[in-house]
Amino acid sequence: MGVVFGLLWLFTGLLQGVHGQGVYAPPTVRIVHSGQACNVEEERYSERVYTIKEGETLELQCLVTGHPRPQIRWTKTAGGASDRESSLHNETLRIENINRHQGGRYYCKAENGLGSPAIRSIRVDVYYLDDPVITIHQSVGEAKEQFYFERTVFLRCVANSNPPVHYTWRRGREVLSQGSDSGVEIYEPFFTQGETKILKLKNLRPQDYADYTCFSSVRNVCGIEDKSAHFTLSNRTAPPSIKLLLDDPLVVNPGETITLVCVASGGEPHPSLKWMRPDGQQLPKRSVVKGGTLTIPAVAIDDGGVYSCVGSNNVGNPAKKTTTILVRGLRKGRFWITPDPYHNDDNIQIGREVKISCQVEATPPEELQFSWLKNGRPLRSSERMVITHTDTDVSPGTTNLDIIDLKFTDFGTYTCVASLRNGGTPEISIDVNISSTTVPPELTIPRGRSHLITQEGDTVDLQCLVSGKPKPIILWSRVEESGVAAAAAATALMPDGSIQTESYDGILRISNVTREMSGTYRCQTSQYNGFNVKPREALIQLVVQFPPAVEPVHTEIRQALGRAFSLTCRLLRAHPARLLRYEWKLGTRLLTVGQFSDQRDDTNYHVRALNREGYGEYTCDITNEAGAGRCTFLVTGKAYPPEFYYDTYSALWQNRPRVYGFKLQWTQMEPNAVDRILAYRLGIRQMGQSRWWEQEIPMEGTIQKGELLTYNLTELIKPESYLVRLTPITRYGEGDSTERIITYSGRLSREFQCGFEDEALCLFSQDKNDVFDWTRHSAATRDTKYTPNTGPSSDHTGSKQGFYMYIETSRPRLEGDTARLLSPTFNSKSSPVSNNPTYCFAFYYHMYGKHIGALNVFLHQKGQAVTDTLVWSLTGNQGDRWCQAKVNIHPTTAFQMVIEGVRGSGIEGDIAIDDVTIEEGECKDPPPNSDLSSFLTKFYSY
């Protein structure tokens, strides 16, 4: 690093930018491409279409202008859909191995907070060509026992492609075309839009039994090669037929290994076989497929369902056979008790009817069988004990035991036993006790538990006490509130996301309670495992208290010393929202406390004059019973970061073979927010190295918002890149830094160029010791009201919008007044062992008007003594035209060029200059007039 920065020589020119918005500008965007595009073309409404081959690399770059530097975002829409599929925050969008689904319209959006965001789009069209597939078909009405005997046959060729594919048919080596054979027709169905090519063989002839080849082509666009498919048509060609070597349905026990066998029973070519499940379901993960055999080891209940075997050989339609696997099992055993429906009484009473129902889900349902026990002994259907079963086609299966004219001797334990006829799974037993203590349920809320208050983050139990025997399942749900009363409809979701939650003990436990869980909860009895009567229900109100939510949670405030400012902490929401208190602190020092009134939702703290002890972290705590919400304000005197200016005109230049220069420009974000910026600390580091070189750039005066500042870097080593860091300094200390990377561009020329197109004037500055200043102007904005017969009507290229520098000679200017414009400082590469280098200094001048004074050029050298040497001069009216001057200079040390305009005898004496260059080496064109050799160096003008 020491070697690199031993060569690094920096010079600075700090320029005053315009006030107000200055160089701040809203963003502009354009999209450029690189990489492997097949074609880029313009469509209507300036939409750009970028064509690329599938598998290649897409690279699009979003070039932006605007200050501050705009933030860039890439988004994509698929086809014409508005849903954004992807988003990328980067200047370059790069997609390697792009596929067809990644085509679509890509948008680049740039925004920097000024004006509206800038958006540009480009449509990416991905080209591809899949292998073609030939399928064989015959008209349904012509199908007979002999599939292809003296019948019309269709050969259909299909290939997915973009752009549309072009097809060619060949029989053997013979190219088939429409009209070349009376027995052959070739056509494209209209509805396929050219994606299908059909070869129709009318009344099949012996010569039609042959090898056919379909060639698909996209005419080599994007370098995509043609592809082909082959098919041999013979008198044995036939569509597939398959059969399953298994029972349907296949009923198995859990844990068994099952094998499904599918074989091809016909078809030419030999069909391929594939097993699948409906609706895109995957085959079981444990399954093994080998040809037409599917093996499922350790089959589970979830593996049951429909399985299909599909055979295909591209002739006719695929053959499909389906079977169903039924895995034996019993699930969800439940019961309920129904009192006598003919009496308006939910209780069981002697002398009345009572019905016990038992329900079980069974696979297969037809194997389900029930039996009943009373006190452990088998129970058979009788006139008083009527046992019925639902139809086996109805699932789940249900059995009922009707006890007619209940007697005291009927009390006891009744057991419902569900089993499968062929076994294979354990039976399910459900016990139901009928006695004088068997009573319908009642729901109550424990005392003091119908209105619960908890705090956010706690665990809370909602409890409903259920009495009766047997105790039913309790169903919990939420009731949406309307106004102040609870509505009947339960539409809100439970904490676990479900609509309803079951509880066997009547308790609903909610962990880590949030404020969104506040509301009314309903508990109600279910008919399952209880009485089949009108549900009992109760309501519980849950109130979740939470600390105050405030804003801002954290913010930074930048202030200069001596200023007054206020801090405001706003209350957004809190529960409870009464008796709220606030407390302001600076660090640990208490500033003020107070209580909120009902009319206010914020609290303020005022600082009348900020001193150094007033910097730090201010906090405002707003508290209620549940806790506190805190606003934090970090008050600092740190300056905001500088904003690098990326739109500098000709930022890079080269005046020596091995080095280059860079014009670093920036504005200061909110310069008036803090104390005056005294200096900037410039840090620079060569990429790939760790050592920083630093120096301070002193600042004079107050920087205005939007003012463009410039610091010129020279002697940067080619082709190295550098990381530059800029830090503002105030009397408070260092502010926030900004970094950017300077990258060498091989397109640099070996010259310094300036066309005065940007406000920074390429580091030219006004001499503070002259009488008046040069003015940057364009013909489009110049006022010629008072001096119509002087000055240019355009810049030297003829553009009305182009800028140039000129001296305004109207009043109050006097004859002999001078305006001197100083170039940046350049480092001469002379050395004690080499001759003085030669540079060509060139510029365009415009000297039109009857009062033209003089235009002089000096070589200003900064050696042991400062010298000004006149190298070029011209006086008088030269006509209404731009001319170029060139002069060879021989500096021996660091130097500047001084361009001096001298006011003539009247107001019609404006002098202009444009497009200044300094190039290493002698001027290429010799001086046209040797009489001018009296100058110290050669020059010419034309």
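Here, every reference points to the structure presented above.
Now for a description of the structure that goes with this document.

Reading guide: rules and limits
Residues numbered from 1 in each chain as written. Predicted model: local features only at pLDDT ≥ 70, side-chain atom pairs only at ≥ 80, totals over all residues. Heavy atoms only, no water. Pairing = 2+ DSSP bridges. Helix = DSSP H or I, 4+ residues; strand = E, 2+ residues; numbered from the N terminus. Salt bridge = Lys/Arg side-chain N within 4 Å of Asp/Glu carboxyl O. Buried < 20%, exposed > 50% of the residue type's maximum accessible area, 1.4 Å probe, protein only. Axes fitted to C-alpha atoms, helices over the stretch in contact; angles between N-to-C directions. Core = buried A, V, L, I, M, F, W, Y, C linked by side-chain atoms within 4.5 Å. Contact = heavy atoms within 4.5 Å. Phe/Tyr/Trp six-rings, centres within 6.5 Å; stacked < 30°, edge-to-face > 60°. 1 Å grid on protein atoms, 1.4 Å probe; cavity = no way out; pocket = protein on both sides within 12 Å on 5 of 7 lines; lining within 4 Å. Points joined across faces, edges and corners; volume = space filled by probe spheres on them. Nonpolar A, V, L, I, M, F, W, Y, C, P; charged D, E, K, R; others polar. Disulfide = S-S within 2.5 Å.

Sheet strands pair via backbone hydrogen bonds, and the direction of the pair is either parallel or antiparallel. Spatially, the five strands line up as an open sheet ordered 32-33-29-28-46, and their pairing is mixed. The sheet is open, and its two edges are formed by strand 32 (385-389) and strand 46 (530-531), each paired on a single side. Where strand 28 (residues 329-339) lies against strand 46, two bridges are found, and the strand directions are parallel. Bridged to Ile 337 within strand 46 is Phe 531.

This brings us to the pattern of salt bridges. For the structure on display, the rule yields 41 salt bridges. Its salt-bridge partner being Lys 202, residue Glu 185 comes within 3.3 Å of it at the nearest N-O pair. Placement of the pair is Glu 185 in strand 16 (residues 184-187) and Lys 202 in the loop between strand 17 (196-201) and strand 18 (211-217), with a sequence separation of 17 residues. For Asp 602, the salt bridge goes to Arg 600, with nearest N and O atoms at 2.5 Å. Overall, the relative accessible area of 44% leaves Arg 600 in the partly exposed class. One network of salt bridges, in which partners are shared, links Arg 171, Glu 174, Asp 181, Arg 205 and Asp 208.

On the basis of which strands lie adjacent, the open sheet formed by four strands has the order 11-12-17-16 and antiparallel pairing. The sheet is open, and its two edges are formed by strand 11 (133-138) and strand 16, each paired on a single side. With strand direction ignored, the average angle separating the axes of adjacent strands in the sheet is 20°. Sheet topology places strand 11 next to strand 12 (residues 153-158); six bridges connect them, and they run antiparallel. Residue Ile 136 lies in a different strand from strand 12, and its bridge partner there is Leu 155.

A cis geometry characterises the amide bond from Asp 248 onward to Pro 249, with omega recorded as -5°. Phi is positive for Asp 279, which is not a glycine, with a value near 60°. Inspection of the secondary structure puts Asp 279 in the loop between strand 23 (272-276) and strand 24 (288-290). Not every positive phi belongs to a glycine, and Lys 332 is a case in point at roughly 55°.

Moving on: the environment of Thr 196. Structurally, Thr 196 is set in strand 17. Sequence spacing of Thr 196 and Cys 157 is 39 residues, and the spatial spacing of their C-alpha atoms is 5.7 Å.

In this section: the nonpolar core. Note that soluble globular proteins tend to have their nonpolar side chains buried in a common cluster. Among the nonpolar cores identified, the biggest contains 37 residues, and Phe 841, Phe 843 and Leu 855 are the most heavily contacted of them. Looking at which element gives the most residues to this core, the answer is strand 69 (residues 839-847), with five residues. Once residues within four sequence positions are removed from consideration, Leu 855 is found in contact with Trp 774, Phe 843, Tyr 845, Met 847, Trp 872, Ser 873, Leu 874, Ile 899, Glu 900, Gly 901, Ile 911 and Ile 913.

Before going further, it helps to examine the packing of aromatic side chains. Two descriptors summarise a pair of aromatic rings, namely the distance from one centre to the other and the angle between the planes of the rings. Within the structure shown, the criterion is met by 17 aromatic pairs. A ring pair is formed by Tyr 660 and Tyr 744, whose centres lie 4.9 Å apart and whose planes are at 50°; its orientation type is tilted. Taken together, the residues span a long stretch of sequence, with Tyr 660 in strand 57 (residues 659-668) and Tyr 744 in the loop between strand 63 (738-742) and strand 64 (751-754) at a distance of 84 residues. Across this residue pair, the class does not change: Tyr 660 and Tyr 744 are buried. Centroid distance Phe 843 to Trp 872: 5.2 Å. Interplanar angle 85°. Geometry classified as edge-to-face. Here Phe 843 is found in strand 69, whereas its partner Trp 872 is found in strand 71 (residues 866-875), with 29 residues between them in sequence.

What follows covers the layout of surface pockets. The space that makes up the second largest pocket amounts to roughly 640 Å³. Taken together, 24 residues form the lining of the second largest pocket, with Val 64, Arg 69, Tyr 646, Asp 647 and Thr 648 sitting closest to its centre. Looking at the lining of the second largest pocket, the elements that each hand over two or more residues are strand 5 (58-67), strand 57 and strand 63. Taken together, the residues of the lining of the second largest pocket break down into twelve nonpolar, six polar and six charged.

Turning our eyes to something else, we now look at the state of the cysteines. Considering all chains together, one arrives at seven disulfides under this definition. The disulfide partner of Cys 262 is Cys 309, and the S-S distance across this bridge is 2.1 Å. Classification of the bridge connecting Cys 262 and Cys 309 rests on its S-S torsion, roughly -75°, and on that basis the disulfide is left-handed. Separated by 47 residues along the polypeptide, Cys 262 in strand 22 (residues 258-268) and Cys 309 in strand 26 (residues 305-312) bring together distant segments of the chain. Overall, the relative accessible area of 4% leaves Cys 262 in the buried class.

Here we take up the pairing of strand 47 (residues 537-551). Pairing of strand 37 (residues 451-455) with strand 47, which is carried by five bridges, proceeds in the parallel orientation. The residue bridging Ile 453 from the neighbouring strand is Val 543, located in strand 47. Across six bridges, strand 45 (residues 519-525) lies against strand 47 in antiparallel orientation. Its bridge partner lying in strand 47, Tyr 521 is registered against Ile 540. Of the pairings in the sheet, the one linking strand 47 to strand 49 (residues 565-575) comprises four bridges and is antiparallel in character. Across the sheet, Glu 551 pairs through a bridge with Arg 570, a residue of strand 49.

Interpretation in functional terms is not warranted from these geometric data alone.
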